[in-house]
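Here is what each chain is made of, one letter per residue.
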Amino acid sequence: MRLSRIIMALTVGLAVVAVPTAAGAAPAQPTPSTSAGPTQPPPYAPQPPALTVNRPTIFLGETVVLTGTGFGPNETVDISVTVTPLAAPAVGNAPARRSDGTTVAMAPVAYQASAPLTFTAYTNAQGRFTKSYKPSVTGLLTFTATGRESGRTATTELRVLHRKQPLPVTGDSIGTPMKLGGGLVGAGAIMLLLTLAWRRRQRFGGAAH
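Engineer: How should I be thinking about the overall build of the protein chain in this particular structure?
Structural biologist: In terms of helices and strands, the protein chain carries two helices and 10 strands. From first element to last, N terminus to C terminus, the protein chain shows the α and β order α-β-β-β-β-β-β-β-β-β-β-α. Put simply, the protein chain has 209 residues, and 19% of those count as buried. Intrachain contacts of the protein chain at a sequence separation of at least 6 include 69% that bridge at least 24 residues. Here the protein chain has roughly 15,500 Å² of accessible surface; of this, 63% comes from carbon and sulfur atoms.

Laid out in C-alpha cells, this is it:
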C-alpha cells in the first residue's frame, strides 16, 4: 500500500514537471497583421496634350512635320489651320529704293490657299501621331489639334516666308542707271572726237614739215 502511494506521487510529480516543458515547446503562433495590405500605386496620370512642328520658320514650298502627343489612344484628331498675315515684310522682299534714297514698301501679293486648312491625323496606342504638311500660303500659321473621343486639344505656330527674290525694278530705280549710262556714253564720244582731232593734227603737222 505504501509502495503504491509512492509510485502515484512520483507519477503526479513527473506530470507536473512535463506540462510546462510541453507548453514551452509549442510553436509560437504568428501575430495577426493590423495593416490593410500593401499600398497600391497611384493611378496613371496621362500627360497633357502637346503639338509641335519640327521647324518654327520655313520658306514657301517647304514641308514641316507636325507631332502630337498626349491624345487618346487610337483616336482621330482633327487639325485646323488659321492664317494671319505677317506684320513685317517677308525676308527677301526688301523695299524698292528710289534714286533720291527713299524707299517704297512692297505690298505682299494676294494668295490663294491650295493646301488644306483642315485635315485629320490618327494616334497610336500611346496617343501620339505625326503628320506632314506643305503650306501654300505665307504668314503666321496656327495649327489646332482636337481629339474626337478625348476632347483634348493643343496648338502650335509656324512662320512661312517668301523665298529670296531679286529687288523689283521701278521707274525711279531705272532712271539712275540710265542717267549714269548716258553720261558714260557722252564722255566716250567726246574722248573719241578728241582722239581723232589729235591724230588729224599730228598728220597735217607732219606733212607741213
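Having seen the structure, we can now continue with the description.
Engineer: Looking at this model, I keep getting lost on the pattern of salt bridges. Mind explaining?
Structural biologist: Oppositely charged side chains can pair when the atoms bearing their charge come close. With the rule as written, the count across this model stands at three salt bridges. The closest approach of N and O atoms between Arg55 and Glu62, which form a salt bridge, is 3.0 Å. You can call Glu62 buried: its relative accessible area is 18%. Salt-bridge contacts for Glu62 lead to Arg163; the nearest nitrogen and oxygen are separated by 3.8 Å.

Engineer: Hey, could you run me through the pairing of strand β4 (residues 76-84) in this one?
Structural biologist: Across a regular strand the side chains alternate sides, sitting on one face of the sheet and then on the other. Pairing between β4 and strand β7 (residues 118-122): five bridges, direction antiparallel. Bridge pairing in β7 links Ser80 to Thr118. Sheet topology places β4 next to strand β9 (residues 139-147); eight bridges connect them, and they run antiparallel. For Asp78, the partnering residue across the bridge sits in β9 and is Thr146.

Engineer: Please clarify how the sheet that holds strand β10 (residues 153-161) should be interpreted in this entry.
Structural biologist: Across a sheet, strands are paired by hydrogen bonds formed along the backbone, either parallel or antiparallel in direction. Taken in spatial order, the five strands make up an open sheet running β2-β10-β9-β4-β7, and their pairing is mixed. What marks the edges here is a single partner per strand, and that holds for β2 (57-59) and β7. Each strand of the sheet is rotated relative to its neighbour by a mean of 30°, with strand direction disregarded. Direction of pairing for β9 relative to β10: antiparallel, over a ladder of eight bridges. Bridging across to β10, Leu140 finds its partner in Arg159.

Engineer: Would you mind showing me how to read the confidence of the model for the protein chain here?
Structural biologist: For any part of a model where pLDDT is low, the fine detail of the predicted coordinates should not be relied upon. Per-residue confidence for the protein chain averages 75 on the pLDDT scale, and 55% of its residues sit at or above 70. The lowest-confidence element of the protein chain is strand β6 (residues 103-104), averaging 51 in pLDDT; the highest-confidence one is strand β3 (residues 64-69), averaging 98. Segment residues 104-113: pLDDT under 50, and 15 contacts once partners within four positions in sequence are set aside and those in other chains are kept.

Engineer: I tried to follow the sheet that holds strand β1 (residues 50-53) on my own but got confused; where do I start?
Structural biologist: Here three strands make up an open sheet; going across it, the order is β1-β3-β8 and the pairing antiparallel. The outermost strands of the open sheet, each flanked by one partner alone, are β1 and β8 (129-133). Shown here is a sheet whose adjacent strand axes are inclined to one another by a mean of 20°, direction ignored.

Engineer: Help me understand a nonpolar patch on the surface in this model?
Structural biologist: Judged by side-chain polarity, Ile190, Met191 and Leu194 come together as a nonpolar surface patch covering roughly 330 Å² of accessible area. Take Met191: it is sitting in helix α2 (residues 171-208).

Engineer: Even after reading the chapter, I still don't get the nonpolar core, so can you show me in this structure?
Structural biologist: Looking at soluble globular proteins, one finds that nonpolar side chains tend to be buried together. Formed by 21 residues in total, the largest nonpolar core has its most connected members in Ile79, Phe129, Tyr133, Leu141 and Phe143. Mapped by element, the contributors of at least two residues to this core are β1, β3, β4, β7, β8, β9 and β10. Non-local contacts of Phe143, meaning those with residues more than four positions away in its chain, are made with Leu51, Leu66, Ile79, Ser80, Val81, Phe119, Tyr133, Ala154, Thr155, Thr156 and Leu158.

Engineer: Sorry, what's going on with the side chain of Thr76 here?
Structural biologist: Along the chain, Thr76 falls in strand β4. When its relative accessible area of 13% is taken as the criterion, Thr76 is described as buried. For Thr76, the contacting residues outside a window of four places in its chain are Thr120, Ala121, Tyr122, Thr146, Gly147, Arg148 and Glu149.

Engineer: Hey, could you run me through the packing of aromatic side chains in this one?
Structural biologist: Describing an aromatic ring pair means giving the distance of the ring centres and the angle of the ring planes. Overall, the coordinates contain three aromatic pairs when judged by the stated rule. Considering the side-chain rings of Phe119 and Tyr133, the 5.2 Å spacing of their centres and the 15° angle between planes classify their relative orientation as stacked. With Phe119 in strand β7 and Tyr133 in strand β8, this residue pair connects regions lying 14 residues apart in the sequence. Classification of Phe119 as buried rests on a relative accessible area of 12%. Between the aromatic rings of Tyr133 and Phe143, the centroid separation amounts to 5.4 Å while the plane-to-plane angle is 85°, which identifies the pairing as edge-to-face. You can see Tyr133 sitting in strand β8 and its partner Phe143 sitting in strand β9, a full 10 residues away along the chain. The buried category is assigned to Tyr133, whose relative accessible area is 6%.

Scoring rules and cut-offs
Residues numbered from 1 in each chain as written. Predicted model: local features only at pLDDT ≥ 70, side-chain atom pairs only at ≥ 80, totals over all residues. Heavy atoms only, no water. Helix = DSSP H or I, 4+ residues; strand = E, 2+ residues; numbered from the N terminus. Buried < 20%, exposed > 50% of the residue type's maximum accessible area, 1.4 Å probe, protein only. Contact = heavy atoms within 4.5 Å. Areas by Shrake-Rupley, 256 points an atom, 1.4 Å probe, with all protein chains shown as cover. Salt bridge = Lys/Arg side-chain N within 4 Å of Asp/Glu carboxyl O. Pairing = 2+ DSSP bridges. Axes fitted to C-alpha atoms, helices over the stretch in contact; angles between N-to-C directions. pLDDT = per-residue confidence, 0-100. Patch = residues over 30% accessible without salt bridge, like charges linked within 9 Å, V, L, I, M, F, W, Y side chains within 5 Å. Core = buried A, V, L, I, M, F, W, Y, C linked by side-chain atoms within 4.5 Å. Phe/Tyr/Trp six-rings, centres within 6.5 Å; stacked < 30°, edge-to-face > 60°.

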